[in-house]
Amino acid sequence: MTAILDLTAAQAAAAIERGDLDPGELFGIYRERAAADELGAWTWVADAAPVAFDVGAPLRGVPLAVKDLFCTEGVPSQAGSRILEGYRPPYTATCVERLQTAGATLLGKTNQDEFAMGSSNENSGFGPVLNPWDRSRVPGGSSGGSAAAVAAGSAPWALGTDTGGSIRQPAALCGIVGLKPTYGTVSRFGMIAFACSLDQAGPLTRDVTDAALLYRHMAGADARDATAVGHPDEIGLPSAERLDGVRLGVPVELAGGEGIEPGVLAAFERSLALARELGATVEEVSLPTADRALSAYYVIAPAECSSNLARFDGVRYGLRVEADDLLTMYTETRHDGFGDEVKRRILIGTYALSSGYYDAYYGRAQRVRTLIARELAAVFERVDAIVTPTSPGVAFELGSKSADPLAMYLNDFFTVPMSLAGVPAISIPCGLADGLPVGLQVAGAAFSENRLLDIAYALEQGLGFDGSPARGGATP
Ligand code: GLN
């Protein structure tokens, strides 16, 4: 059983193809682990193995964990919110459907911050998720359940969503790989909306090869999402072990050292040294507006969420608090159904969009967004990718930032600029600080996923990170 758990998803698919592994057995092992999970990572686990496995398909019966934010037909899909209590959608999100067509089987749904708003998974209607490396700490968010499940070995791989860092940051804090693809390469149809101009689905996996494999089968145009254009290239499986000729940029405004924990900075610098040893050149680049990204994001994302979340009023979906008149029913349902962070975002967003304040907040934030996108595009003319730590710190103690929203928002300092620009970025584990994983972010120009995956793969081989302690292996 341990040997099976040691397989990556790609290795498990290959073993099934060779006839060395029975997909029913694989499903059973993971189902048992997911059902016995003590981290709070799962919101729903499949009862039994599917009756038939499509072993001719490329993903050949490999079980898949799916963030609760994705609609899955007949299966609870609440986006981590009490307001969607009891909601079982009549349809499945396009990207989940694509993966099922490719042979993946739905193992269960994973916990998350409510409507993907958060960086610690403490804002969930289902309760927090614990970090498998240290249960007194957060797994990151908002895709914290997906990250914890993959790190702890209760899922071989998982789907997450990233609006401002929600795939990359939990991947970093749990010591796994997370890819936020180029905006528009994966359909958003059936993903419960947070901020439509930023939301993007992507893989959380044990290694870079699995991320490439899962992304390959997620990407694609979709008539049901006008922004989904797919990817112009076939996504390859990375194999380059050297970085000769690769130019990496370190943005001085982001990775200058201020506010970064010393252990994170040390791991980051070791990764840069490794990149040079592998043949890359590393140079400083400048993104003069990037340090305003966080302020712009925390106007734009709440603005979009205040509009998207207007649909939850007790009439059509989920929770309804009965009352004598309609207006009271709306307000009581929203009062009881939404958590504090969601309410805070709706208030901020409504204010930022209100007449008289629109130009000063939303309009200005959009201008900052344009500048950041232009600065990044200019930098990607000079370098193949930029590198930063994924998060300024390692996994923090549960409760330590929940009373201070600004301290929480600072977690997204490195991830938000790429989200605003819609460009792809991957986080890979690059070492430990105080026994906890540190993430390295590699970001590139729009549609440069193949190159990012190659760079990440070469670094991954050189770094030799061991994630087994989170799965109950030897302590580091
Ligand atoms: N932590 C960020 C937020 O709270 C990003 C969330 C996300 O990417 N979904 O908005």
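Residues numbered from 1 in each chain as written. Predicted model: local features only at pLDDT ≥ 70, side-chain atom pairs only at ≥ 80, totals over all residues. Heavy atoms only, no water.

We now examine the environment of Ala-15. Here Ala-15 lies in helix α2 (residues 9-18). Relative accessible area serves as the criterion here: at 6%, Ala-15 is assigned to the buried category. Counting along the chain gives 346 residues from Ala-15 to Tyr-361, while the straight-line C-alpha distance between them is 54 Å. The residues touching Ala-15, leaving out its near neighbours within four places in the chain, are Asp-20 and Leu-21. (Helix = DSSP H or I, 4+ residues; strand = E, 2+ residues; numbered from the N terminus. Buried < 20%, exposed > 50% of the residue type's maximum accessible area, 1.4 Å probe, protein only. Contact = heavy atoms within 4.5 Å.)

Our next topic: the site of the ligand. Contacts to the ligand come from 15 residues, most closely from Thr-163, Gly-164, Ser-166, Tyr-297 and Arg-345. One of the backbone nitrogen or oxygen atoms of Gly-165 is found 3.2 Å away from an oxygen atom of the ligand. Across the complex, the protein chains shield 100% of the 290 Å² of accessible surface that the ligand would expose by itself. Considering only residue class, the shell around the ligand consists of five nonpolar, seven polar and three charged. (Near = heavy atom within 4 Å. Polar contact = N/O pair within 3.5 Å; in protein donor to acceptor, adjacent residues only side chain to side chain. Areas by Shrake-Rupley, 256 points an atom, 1.4 Å probe, with all protein chains shown as cover. Nonpolar A, V, L, I, M, F, W, Y, C, P; charged D, E, K, R; others polar.)

So, on to the pattern of salt bridges. Enumeration over the complete set of coordinates arrives at 18 salt bridges. A salt bridge links Glu-38 to Arg-135; the shortest N-O distance between them is 3.1 Å. Of this pair, Glu-38 sits in the loop between α3 (23-35) and β1 (42-45) while Arg-135 is found in the loop between β3 (105-110) and α5 (144-152), placing the two residues 97 residues apart along the sequence. For Glu-38, a relative accessible area of 59% corresponds to the exposed category. For Arg-135, a relative accessible area of 46% translates into the label partly exposed. The salt bridge partner of Arg-382 is Glu-283, with a shortest N-O separation of 2.8 Å. Residue Arg-382 is located in helix α13 (residues 359-382), and its partner Glu-283 is located in strand β8 (residues 281-285); the two are separated by 99 residues in the primary sequence. A single network of salt bridges, built from pairs that share partners, joins Glu-97, Asp-222 and Arg-224. (Salt bridge = Lys/Arg side-chain N within 4 Å of Asp/Glu carboxyl O.)

In this section: the packing of helix α4 (residues 94-101) against helix α7 (residues 208-218). It is at 8 Å that the axes of α4 and α7 come closest, and there the two elements cross at 110°. Classified by the angle their axes make, α4 and α7 are roughly perpendicular. Counted together, Cys-95, Arg-98 and Leu-99 of α4 and Leu-214, His-217 and Met-218 of α7 form the full contact between these two elements. Tallied by class, residues from the contact of α4 with α7 come to four nonpolar, one polar and one charged. (Axes fitted to C-alpha atoms, helices over the stretch in contact; angles between N-to-C directions. Parallel < 35°, antiparallel > 145°, perpendicular 65-115°, else oblique.)

This next bit is on the sheet that holds β3. Read across the sheet, 11 strands follow the order β1-β3-β2-β4-β6-β5-β10-β11-β9-β7-β8 without closing on themselves; strand pairing throughout is mixed. Two strands lie at the open edges of the sheet, namely β1 and β8, each paired on one side alone. Strand-to-strand, the axes of this sheet are offset by a mean angle of 30°, without reference to chain direction. Of the strand pairs in this sheet, strand β5 (residues 177-180) and strand β10 (residues 425-433) are connected by three bridges, and their pairing is antiparallel. When the sheet's bridge partners are listed, Gly-178 is paired in β10 with Ser-427. (Pairing = 2+ DSSP bridges.)

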